[in-house]
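# Secondary and tertiary structure notes
Given next are the chains, with one letter for each unit.
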Amino acid sequence: MSLLASLLPPLVGVLLLVSGALKVVRRSLRAQAARSALPRLLKDPNRAVWVLRGTGVAELAVGIGLLTAVPAAAVGGALLGAAFLAYLVAGRAVAPESSCGCTASDSAPIGWHAFARAGAVAAGAGVGALAGDPWWTAFAERPGVSSAMLLAGGAGLAWLAAAPEHQWRVPLRRLRIRLFGHPLATGAAGTPVAASVELLERSLAWETVAPIIRSGLLEHWEEDGWRILHYAGARRVGDAERPVSVLFALDARATRDGLTERVIRVGVVDRETEEVLTPELVAAPGA
Amino acid sequence: MKNDTPRLGRRGFLTSAALGGATIVGASALGALDADAAFAAPGPSLDPAISQSAFAEGRIGAIQGSLLHVAGSHGERHRIQLTNATSVWKARPTTADDIEVGDGLYARGVPMPDGTMAADAVWVNIVNLYTTIRGIERQRLHLAHNNHALVGNTIPETSASYAGGALTSDLSRLRIGQPAQVLGAWRPADDSIDLVRVTVGH
Amino acid sequence: MYGSMAKGERPRRGPQRPSNEGKFIVACSSTSLWAGETTWFCCGAAWGPCGSAGGGACGNCRSAANHGAWPNASQACWDITRPDQCGEGGIPRRGCGSVMNVRHQCSGATVCITITDCGPRTRSFCGEQSCCGGSCRVNRILDLTPAAYSAIGSLDSGVLPVLITE
């Protein structure tokens, strides 16, 4: 037990050093603060940033104290852990959807993980206050058992420090891509229809006839290198409306990244009589 | 539209109407950035055919022929009439035959005197989510959306836009950790989404 | 009425507005406010993955209403969207309930919306452009509900260039 009491402070110390350092140096701390429950609790986003940064400094100080076996640091750590627990209880009550803001990239809502982490800090530092020897003396006396305990404790704390959504998976997935290459297609499939639609919707042709188009894209097909896009619309004849088909033909390979001038042809047809209405409805600009 | 022979004949006619139509040159990839000029620019010249359109949202409870019974997410009830001029989107432009009970839907159309809505366009199961890419596999992306894990399946239509570029079928430049706007079709069966466009920044 | 711009800050785009603006905001009038890209998002009770969105930053956002999300709806909102990282630092504060008129730059279609949420994440897509009619709109500075977006464009298009007036 006395060995455990001696070895817990450095473990908690490292955890506090890491989370404290990230809070102090992190540039996007404002965004982290905004996601946390602090602005709601303090009613001021600017104060929330300062509180978060101040907490980081306190964590650093206590972490260094625990590593160098300053007796007061164990008490400080226990108080810090207790304060985290109180904050989490308040945060969960006031803003249950907000994140804990505890570790650097944490954006998940406050859950049992955050409570376990704060509890570990309070308990670890509290037990450490009972230690007789500094950790290096205890370690030197029984190096084998101490190493095993430190390793097990370190793994447990690392797991607690990680966000709940299994963040260890992401580095593994990154590694797999690095080793085996990118698994997704490099796009030999030609120009996606969505790219043609995008080109069309940013074109002068679209601008010209958009007011009579009512539907989204009804259907599309290709013919002789042209991609035909078919929309339904309506035109006003007196007080009545008549349904029309609006057709666009554009180069099947063209996208808005191309540098050449894009030619788009437009046709308008009465859906019932099949009368071609293009000359009546669409005057080519500049003509 | 229902069987192949008239469709080929109809498509041939529509193709000739398109290719024989007015030719409009010019798009605008290299345009000016001056917003003042844009605010001052006149609107389009054609009279809008639609004065006011209506909108409906919800899940499809029953399908009677071309009439969809939709339960709105806030307790409303809609009856949505599809016509042969209604566009149907469900991961791709498709027909009413692809719509199933249990699908989610957004519809734009015109309110009719009998209380139905004559739909101009319906988008089935469409979602547009701000996510972070958490994993890339051969046939799926692992995404995080609002702190929830989400699986995005790649389909033949899946396209990507990188740093504002045009849509491409090249998905090999997606990276783990990137924020990504994901437009796709939700699959009610397994709560995953079929990816249609994945937009990432720099 | 709404949180105002800091002294010395001015919109980088869009004509300068008179200093006494904002006292009486007429619903959807024609004073230019900002220009840029809009995307769409879902909120309120909803089906599918949208179900987790909730009522948005203002609590009353609904997909079926003509609502929108503004990147400077509050300071906390700004800290998440960070349009200043894309050179859009002058976007004025417009809180919950602000009314805007949104015009599709290419088609001229317009819709009148109420701000009920915070968004979009401008900083994640810096420099993205949508062009038509010889001019380009840069950066995502507005998010519309499906009802509002579909009133001026097609939901499957994902992003549109818009001019915003108030």
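Residues numbered from 1 in each chain as written. Chains lettered and ligands numbered in written order. Predicted model: local features only at pLDDT ≥ 70, side-chain atom pairs only at ≥ 80, totals over all residues. Heavy atoms only, no water.

## Focus on the sheet that holds strand S13 (residues 192–200) of chain B
Pairing within the closed barrel is mixed, and its five strands lie in the order S9-S10-S11-S13-S12 (chain B). Strand-to-strand, the axes of this sheet are offset by a mean angle of 55°, without reference to chain direction. Where strand S10 (residues 140–145) of chain B and strand S11 (residues 148–162) of chain B come together, six bridges link them in antiparallel fashion. Each bridged residue has a counterpart across the sheet, and for B:Arg140 the counterpart in S11(B) is B:Asn153. Strand contacts of helix H9 (residues 169–180) of chain A: strand S9 (126–136) and S10 of chain B, with the helix running at about 75° to S9(B), the strand carrying the most contacts. (Pairing = 2+ DSSP bridges. Helix = DSSP H or I, 4+ residues; strand = E, 2+ residues; numbered from the N terminus. Axes fitted to C-alpha atoms, helices over the stretch in contact; angles between N-to-C directions. Contact = heavy atoms within 4.5 Å.)

## A look at the interface of chain A and chain C
The interface of chain A with chain C comprises ten residues on the first partner and 15 residues on the second. Between the two partners, chain A and chain C, sit zero salt bridges. Counting across the interface, chain A meets chain C through one residue pair in polar contact (both at pLDDT 80 or more). Class assignment of the residues belonging to the side of chain A that touches chain C gives a composition of four nonpolar, one polar and five charged. (Salt bridge = Lys/Arg side-chain N within 4 Å of Asp/Glu carboxyl O. Polar contact = N/O pair within 3.5 Å; in protein donor to acceptor, adjacent residues only side chain to side chain. Nonpolar A, V, L, I, M, F, W, Y, C, P; charged D, E, K, R; others polar.)

## What to know about the domain arrangement of chain B
How big an interface is tends to be reported as the loss of accessible area on association of its parts. Residue and element names in this part refer to chain B. Each assigned domain of chain B is listed here: domain 1 (54–124) and domain 2 (126–200). On a C-alpha basis, the centroid separation for the pair domain 1 and domain 2 is 25 Å. Here domain 1 meets domain 2 over a buried area of about 730 Å², counting both sides, of which 68% is carbon and sulfur. Taken as a group, Trp89, Ala91 and Arg92 account for 54% of the area that domain 1 buries against domain 2, more than any other trio of residues on that side. (Domains from an automatic or database assignment. Buried area = accessible area lost by both parts, 1.4 Å probe.)

## With respect to the pairing of strand S12 (residues 179–187) of chain B
Looking along a regular strand, one sees side chains alternate from face to face of the sheet. Residues and elements named next belong to chain B. Taking burial as the measure, the nine residues of S12 include seven buried ones, the bulk of the element. Here S9 pairs with S12 via seven bridges, running antiparallel. Within S12, the position partnered with Leu129 by the bridge is Val182. Of the pairings in the sheet, the one linking S12 to S13 comprises eight bridges and is antiparallel in character. For Trp186, the partnering residue across the bridge sits in S13 and is Ile193. (Buried < 20%, exposed > 50% of the residue type's maximum accessible area, 1.4 Å probe, protein only.)

## Some details on the confidence of the model for chain A
Chain-level pLDDT for chain A is 82 on average; 87% of the residues reach the 70-or-more range. Here helix H2 (residues 29–35) of chain A stands out as the least confident element of chain A, with mean pLDDT 72; strand S1 (residues 219–223) of chain A is the most confident, with 94. (pLDDT = per-residue confidence, 0-100.)

## Topic: the state of the cysteines
Residues and elements named next belong to chain C. Within the structure shown, the criterion is met by seven disulfides over all chains. Disulfide pairing is shown between Cys86 and Cys126; the S-S distance is 2.0 Å. Taking the torsion about the S-S bond as the criterion, the Cys86 to Cys126 disulfide, at about -80°, is left-handed. Of the two residues, Cys86 is situated in the loop between helix H1 (75–81) and strand S3 (99–104) and Cys126 in the loop between strand S4 (110–118) and strand S5 (129–132); the sequence distance between them amounts to 40 residues. Pair check on accessibility: Cys86 and Cys126 agree, each one buried. (Disulfide = S-S within 2.5 Å.)

## Here's the deal with the pattern of salt bridges
Scanning all chains against the criterion turns up 21 salt bridges over all chains. Note that A:Glu222 is salt-bridged to A:Arg227, the shortest N-O span being 2.8 Å. With relative accessibility at 48%, the residue A:Glu222 sits in the partly exposed group. We note a salt bridge from B:Glu157 to B:Arg92, for which the minimum N-O separation is 2.8 Å. Here B:Glu157, found in strand S11, pairs with B:Arg92, found in the loop between strand S5 (87–89) and strand S6 (93–94); they are 65 residues apart in sequence, far enough to count as distant.

## Concerning the interface of chain B and chain A
The partner chain A presents 72 residues to the 58 residues of chain B that form the contact. Both faces combined, the contact of chain B with chain A buries some 5,600 Å², and carbon together with sulfur accounts for 58% of it. In this structure, the connection of chain B to chain A is made through four salt bridges. In this structure, B:Glu137 engages A:Arg176 in a salt bridge whose closest nitrogen and oxygen atoms are separated by 3.8 Å. Among the secondary structure elements, those contributing two or more residues to the side of chain B that touches chain A are helix H1 (4–19), strand S1 (22–25), S6, strand S7 (104–111), strand S8 (117–124), S9, S10 and S11 of chain B. It is H1(B) that contributes the most residues to the side of chain B that touches chain A, eight residues altogether. Residues of the side of chain B that touches chain A, tallied by class, amount to 26 nonpolar, 21 polar and eleven charged.

## Regarding the sheet that holds strand S2 (residues 67–70) of chain C
The strands that make up a sheet are held in pairs by hydrogen bonds between backbone atoms, and each pair lies either parallel or antiparallel. Residue and element names in this part refer to chain C. Taking strand neighbours around the barrel as the criterion, the six strands line up as S1-S7-S2-S4-S3-S8 in a closed arrangement whose pairing is mixed. Each adjacent strand pair in this sheet contributes to an overall mean axis angle of 45°, direction not counted. Sheet analysis places S2 next to strand S7 (residues 140–144), joined by two bridges and oriented antiparallel. When the sheet's bridge partners are listed, Ala69 is paired in S7 with Asp143.

## Considering the confidence of the model for chain B
Residues and elements named next belong to chain B. Chain-level statistics for chain B give a pLDDT mean of 86 and a share of 82% at 70 or above. Between residues 44–51, whose pLDDT stays under 50, and residues either more than four places distant or in other chains, the model counts 21 contacts. Interface scoring of the predicted complex returns ipTM 0.88; its pTM is 0.74.

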